[in-house]
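# Reading the structure
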Amino acid sequence: MISIIAIILVVIVALKFILFPPVKNIPVTGKYQVASEDYWVNEDKADPYSADGSTRQLQVRKWYAKDCSEDKPVIVASHGSCGTIDNNLTLYRELASYGYTVLAVAHPGQAASVVYENGKKCGPSRDFFMEMSALKPDENPEKAYEVFHKWMEIRTDDLNAVMDDWKAKSGGCKFIVEGHSLGGSAAYAMARIRDDVTGVIALESPFMYDITGVENGKFVFNQKDYSVPVLSIYSDASYPHLKEWDQYGNNAKFLDSSSTIYTNIHYENIGHMGLCDLSLVSPVITAVMDGGFQKVKAAEQLKKLNEDCLKWITKVTDGISK
């Protein structure tokens, strides 16, 4: 019996190291020391994923620079479907080391894990899983539009609550909204909704909020140009298909735009999850989700992602201050 227990423990430990091998933090390059703290924002509405109709509460992780008084836009970050509050942790830490405050939001029901102020934890909603599994934009665009609209309403309400709360506590400021996948779709939306958003970073995200309906089996888009700079970053998972997949209609449109507002970057030899820190934390799970191991080392890819985002944000920030 002791031998069996020992073998089971060895297998469990081995699996843990296979799925989540030890990794070193990617060092920040800015001059400031970085710190973080969690706080919570309560929305004045029922949580759509709560069975008891309880009020929706958001966990927010603030990353900031110690002893920094620079006046810079606040970065608001939104994770992807079943992502985490640390979805792009290395990016958040890097930006904070340059004096930016980052507010990473965990969206209850759509996050892998959320910790509430009372210590209670919750995972993804069963309803959200069912919505994702049943989603077939090519076969049933009408249903897909209904789901997209629901998701965007939830996400934008969340981000509005966090941004309004921050402004109420800290006074006037400007925001840059960043997101991965579904979070990036919400980031695009905030530039349509709020005048205090000065830029958007979307990591492989359709312009979901821009879909206004369906006609003749095709999505109809708001094709009006954006009024703030937009950085769209893609992997091999979607970039070759932007002109094929109907829900990416505006991505294809803005990819071909001559306007300097739009910056598009394609990273080769990685998949969708290579654009977030899961690729560093668990290469195996990343490979399972992306259908194979990426050909670029996660640390190198994330350093490149951080460098490109920081360069773009610095340019946007300089433009605001002029």
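Structure: see above.
These lines cover the structure that appears in this document, whether it is placed above or below.

Parameters and conventions
Residues numbered from 1 in each chain as written. Predicted model: local features only at pLDDT ≥ 70, side-chain atom pairs only at ≥ 80, totals over all residues. Heavy atoms only, no water. Phe/Tyr/Trp six-rings, centres within 6.5 Å; stacked < 30°, edge-to-face > 60°. Helix = DSSP H or I, 4+ residues; strand = E, 2+ residues; numbered from the N terminus. Buried < 20%, exposed > 50% of the residue type's maximum accessible area, 1.4 Å probe, protein only. Lys NZ or Arg CZ within 6 Å of the ring centre and 35° of its normal. Contact = heavy atoms within 4.5 Å. Core = buried A, V, L, I, M, F, W, Y, C linked by side-chain atoms within 4.5 Å. Pairing = 2+ DSSP bridges. Right-handed = clockwise from strand over helix to strand, strands pointing away.

Before going further, it helps to examine the packing of aromatic side chains. Tallying each qualifying case throughout the model produces 12 aromatic pairs. Plain terms: the ring middles of Phe 148 and Trp 151 are 6.4 Å apart, the flat faces sit at 50° to each other, and that makes the pair tilted. Placement of the pair is Phe 148 and Trp 151 together in helix H4 (residues 141-170), with a separation of three residues, close to one helical turn. The class of Phe 148 is buried, set by a relative accessible area of 4%. Classification of Trp 151 by relative accessible area gives buried; the value is 4%. Between Phe 254 and Tyr 262, the ring centres sit 4.5 Å apart and the planes meet at 15°, which makes this aromatic pair stacked. With respect to burial, Phe 254 and Tyr 262 carry one shared label: buried. An aromatic cluster is defined as three or more aromatic residues linked by ring pairs; in this entry it consists of Tyr 49, Phe 128, Phe 148, Trp 151 and Phe 219. Against the face of Tyr 64 rests Lys 62, its NZ or CZ located 4.9 Å from the ring centre. Lying across the ring of Tyr 226, Arg 192 places its NZ or CZ 3.7 Å from the centre.

Turning our eyes to something else, we now look at the side chain of Gln 57. If you trace the backbone, Gln 57 turns up in strand E2 (residues 55-65). Excluding its chain neighbours within four sequence positions, the residues that come into contact with Gln 57 are Trp 40, Val 41, Asn 42, Pro 108, Tyr 116 and Glu 117.

A word on the nonpolar core. Ranked by size, the top nonpolar core spans 47 residues in total, and within it Leu 103, Trp 151, Leu 159, Met 163, Tyr 188 and Tyr 226 carry the most contacts. At 11 residues, the largest contribution of residues to this core is made by H4. Tyr 188 has contacts with Val 200, Ala 202, Ser 205, Pro 206, Phe 207, Tyr 226, Val 230, Ser 232, Tyr 234 and Asn 251, leaving out every residue within four places of it along the chain.

Turning our eyes to something else, we now look at unusual backbone geometry. Its identity as a non-glycine residue notwithstanding, Ser 181 has a phi of 60°, on the positive side. With respect to the helices, strands and loops of the structure, Ser 181 is situated in the loop between strand E7 (175-180) and helix H5 (182-193). Positive phi outside glycine occurs at Glu 204, with the angle close to 55°. Within the fold, Glu 204 resides in the loop between strand E8 (197-203) and strand E9 (211-215).

In terms of burial, strand E3 (residues 74-78) is largely enclosed, as five of its five residues are buried. Residues of E3 alternate between two faces, with Val 74, Val 76 and Ser 78 on one and Ile 75 and Ala 77 on the opposite face, all of them buried. Strand direction decides the pairing type here: E3 and E7, joined by five bridges, are parallel. Across the sheet, the residue bridging to Ile 75 is Ile 176, located in E7. Two elements, E3 and strand E4 (residues 102-106), share four bridges in a ladder whose sense is parallel. Bridging across to E4, Ala 77 finds its partner in Ala 104. For the crossover from E3 across helix H2 (residues 89-96) to E4, the handedness is right-handed.

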